[in-house]
Amino acid sequence: MRDKRVIGVIGGGAAGLSAAVMAARRGGAVRLFEKQPRVGRKLLATGNGTCNLSNLHASPEHYHGGDPGFVFPALRAFSPQDAMAFFASIGVPCTVRENGRIYPIVEQASAVLDALRFEAEALGVQMLTDTAVTAIVPRQDGVRLQTTVGAFDVSCVLVAVGGAASGRLGGSADGYRLLTAIGHEKTPLFPSIVQIKTAKDPVRPLKGLRLDAALTLCLDGKAAATSEGEVLFADYGLSGPAAMEIGRVAADWERRKQGHMTVSIDLLPGIVAPDLLDMLTKRRALPGRTLDRWLIGLLPKALGQTLLKVAGVQPLSRMADSVTDAELRVLTDIIKGWMLPVEGAAGMDAAQVTAGGVKTAGFDPATMRSRRCPFVYAAGEVLDIDGDCGGYNLQWAWASAHAAVTAMTEERT
Ligand SMILES: Cc1cc2nc3c(=O)[nH]c(=O)nc-3n(C[C@H](O)[C@H](O)[C@H](O)COP(=O)(O)OP(=O)(O)OC[C@H]3O[C@@H](n4cnc5c(N)ncnc54)[C@H](O)[C@@H]3O)c2cc1C
């Protein structure tokens with residue numbers, strides 16, 4: 001098949017679908033290749049199904065990789081406000097919520113995906129699902145795409161195949177293979193926005209417990225990352241948004257294994273230590289309370305009992321009025337900073353995002369054009385860019401797609 005003026009897009013995820021729409025709007029004939037039976041599977045899972053699609057604070061400080069400044073030109077050319085305008089233009093008005101997070105007002109990732117699909121269809125984008133691209137073969141006037149259903153020649157191609165994270169939703173190493181095969185290099189990969197693994201014995205009895213807490217990951221006793229919000233105890237350690245937000249730091253430490261990492265959990269972040277000590281002191285006077293019931297009302301029962309054990313305030317059959325001042329101080333310290341040894345992070349399959357990827361030095365940050373092959377562009381998570389939790393990753397997908405499409409449609413032969 002020969003399609004002289006066709007723009008190829010590999011991957012029907014966030015970057016690929018938005019790129020297809022943007023390119024078709026600019027008059028491009030677009031052919032999109034998606035290896036799964038349906039496009040946008042990962043997009044459907046975003047924001048727990050509500051799709052936190054951008055963040056007003058998107059800027060290089062919220063991105064990581066060998067060169068986080070690489071994101072700057074694309075974000076400047078396609079800002080979070082531009083993302084809101086783009087989604088409004090396809091029938092999905094958005095709103096800004098806490099910490100600059102941007103959501104569709106219907107809070108449905110399925111609506112975002114549907115709107116992208118409908119717009120692409122209306123613009124005549126040709127979508128080939130169940131079609132994996134297996135190789136990019138540079139040619140004199142474009143590229144040949146080898147796929148599982150045959151070869152296609154296109155004028156230029158956008159590689160938007162995502163990263164390795166979350167394999168059950170389509171994450172794979174395909175992008176690294178496709179791009180390293182044409183001369184690009186990749187960095188080591190590790191999981192980001194991911195659960196933290198701790199020593200198991202202390203957390204096992206708390207499995208399933210959710211509460212608001214403040215977390216501090218410490219490397220050799222020094223704070224390396226902090227977060228505050230909902231934490232979910234799991235049998236392997238800590239999950240929930242606050243843990244996942246800083247899981248990248250644990251994952252990065254795990255692959256280097258230099259130094260000793262711990263996580264300090266403030267289980268009552270709204271109460272300062274002296275006030276807590278005062279409350280506990282008064283609490284001793286609660287009549288007829290044995291220790292196993294003493295902290296009920298202040299902390300979930302199982303957590304209270306666990307912390308008393310960690311503090312060495314035992315046995316639980318003791319009466320609360322027998323707790324000494326010294327024991328109260330130890331307990332206060334533990335409630336305000338329960339230290340657990342960190343073992344690492346959950347794996348790539350459990351992660352939301354891939355840290356590391358194809359080296360950005362091989363691409364022009366303004367156009368996302370490959371410096372190895374002039375007809376090849378890349379966007380989204382396949383590159384060595386990962387954003388913080390809060391809409392930064394999808395903003396990168398849209399903005400990098402926009403930068404590539406602008407260049408591809410201008411330079412189209
Ligand atoms: C559970 C979960 C929740 C998330 N929530 C948020 C959130 O709320 N906000 C946020 O900003 N980010 C979130 N993310 C991250 C965000 O979804 C990704 O960073 C983003 O989807 C990356 O976009 P992409 O287009 O680069 O890759 P993807 O969206 O992963 O799309 C890549 C596509 O390429 C296809 N593909 C792969 N290889 C080939 C091949 N060889 N040939 C053809 N097609 C191929 C894949 O099947 C896939 O459809 C979340 C991620 C997960 C897993």
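Residues numbered from 1 in each chain as written. Predicted model: local features only at pLDDT ≥ 70, side-chain atom pairs only at ≥ 80, totals over all residues.

A. Representation of the overall build of the protein chain within the structure. Helix and strand counts for the protein chain come out as 13 helices and 21 strands. A principal-axis box enclosing the C-alpha atoms of the protein chain has dimensions of 85 × 45 × 35 Å. In the protein chain, which comprises 413 residues, the proportion classed as buried is 49%. In the protein chain, the proportion of contacts linking residues at least 24 apart, taken out of those at least 6 apart, comes to 74%. (Helix = DSSP H or I, 4+ residues; strand = E, 2+ residues; numbered from the N terminus. Buried ≥ 20, exposed ≤ 12 C-beta atoms within 10 Å, placed from the backbone. Contact = placed C-beta atoms within 7 Å.)

B. Inspection of the nonpolar core at higher detail. A19, A20, V157, L158, V159, Y377 and A379 are the most contacted members of the largest nonpolar core, which totals 80 residues. The biggest single contributor to this core is helix α13 (residues 392–411), with 11 residues. If we ignore the near neighbours within four places in the chain, the residues touching A20 are V9, V30, L32, A120 and V125. If you look at the next biggest cluster of nonpolar residues, it comprises 49 residues, including V194, A234, V249 and A250. (Core = buried A, V, L, I, M, F, W, Y, C linked by C-beta atoms within 7 Å.)

C. Quick look at unusual backbone geometry. With an omega of -15°, the peptide bond between Q314 and P315 qualifies as cis. The residue N48 is not glycine, and still its phi comes out positive at about 55°. Locating N48 in the fold gives a position in the loop between α2 (41–45) and β3 (54–55). Unusually for a residue other than glycine, D220 sits at a positive phi of about 50°. Within the secondary structure layout, D220 lies in the loop between β14 (210–219) and β15 (222–234). Residue classification places D220 among the exposed positions, given that 10 C-beta atoms sit within 10 Å.

D. Geometry of the site of the ligand. By nearness alone, 39 residues border the ligand, and G11, G13, G47, G162 and G380 come closest of all. Within the residue set of the shell around the ligand, elements represented by two or more residues are α1 (14–25), α2 and α13. Its residues assigned to classes, the shell around the ligand comprises 17 nonpolar, 16 polar and six charged. (Near = placed C-beta within 6 Å. Nonpolar A, V, L, I, M, F, W, Y, C, P; charged D, E, K, R; others polar.)

E. Seen up close, the environment of W338. As for its placement among the helices and strands, W338 is situated in strand β18 (residues 338–345). W338 sits 31 residues away from L307 along the chain, and the two C-alpha atoms are 8.2 Å apart. Those residues within four positions of W338 in sequence are excluded, and the remaining contacts are S264, I265, L267, L307 and V310.

F. Seen up close, the sheet that holds strand β8 (residues 133–139). In spatial order, the strands read β8-β9-β10; together these three strands make up an open sheet with antiparallel pairing. The strands lining the two open edges of the sheet, one partner per strand, are β8 and β10 (150–154). The average angle at which neighbouring strand axes cross in this sheet is 20°, direction not considered. (Pairing = 2+ DSSP bridges. Axes fitted to C-alpha atoms, helices over the stretch in contact; angles between N-to-C directions.)

G. Examining the domain arrangement of the protein chain more closely. Split by domain assignment, the protein chain resolves into domain 1 (6–190 + 352–411) and domain 2 (196–345). In this complex, domain 1 contributes four residues to the contact, which on the side of domain 2 involves seven residues. Its residues assigned to classes, the side of domain 1 that touches domain 2 shows four nonpolar, no polar and no charged. (Domains from an automatic or database assignment.)

H. Molecular detail of the environment of P300. With respect to the element layout, P300 can be found in the loop between α10 (291–294) and α11 (301–311). P300 sits 94 residues away from L206 along the chain, and the two C-alpha atoms are 9.6 Å apart. If near-sequence neighbours (up to four positions away) are discounted, P300 is found in contact with L209 and L211.

I. Region of interest: the pairing of β18. Here strand β13 (residues 196–198) pairs with β18 via three bridges, running antiparallel. From the neighbouring strand, I196 faces β18, where its bridge partner is A345.

J. Region of interest: helix α4 (residues 80–89). Here α4 has its buried residues at P80, A83, M84, F86 and F87. One face of α4 carries all of its buried residues, which in axial projection span an arc of 160°. Looking one or two places after α4, you find G91, whose phi comes out positive at around 90°. (Arc of directions from axis to C-beta.)

K. Examining the sheet that holds strand β5 (residues 94–96) more closely. Taken in spatial order, the three strands of this open sheet run β3-β6-β5, and their pairing is antiparallel. A strand with exactly one partner marks an edge of an open sheet, and here the two such strands are β3 and β5. Strands in contact with α4 are β3, β5 and β6 (101–104); relative to β6, the strand with the most contacts, it is inclined by about 5°.

L. Broad picture of the environment of I7. Take I7: it is sitting in strand β1 (residues 6–10). Residues I7 and V125 lie 118 residues apart in sequence; the distance between their C-alpha atoms is 10.0 Å.

M. Structural detail: the packing of helix α9 (residues 273–283) against helix α12 (residues 325–336). Closest axis-to-axis distance for the α9/α12 pair is 10 Å, and the angle between their directions is 130°. When the interaxial angle is binned, α9 and α12 end up oblique. The element α9 and its partner α12 pack so that their crossing is right-handed. Where α9 approaches α12, its residues A273, L276, L277, L280 and T281 are matched on the opposing element by L328, R329, L331, T332, I335 and K336. Residue composition of the contact of α9 with α12, by class: seven nonpolar, two polar and two charged. (Parallel < 35°, antiparallel > 145°, perpendicular 65-115°, else oblique. Left-handed = near helix turned anticlockwise from the far one by under 90°.)

N. Broad picture of α12. Between its first and last C-alpha atoms α12 spans 17 Å; for 12 residues at 1.5 Å apiece the expected length is 16 Å, and the two agree. For α12, every residue scored as buried is listed here: L328, L331, T332, I334 and I335. Taken around the axis of α12, the buried residues stretch over an arc of 165°, which confines them to a single face. (Expected span 1.5 Å × (residues − 1).)

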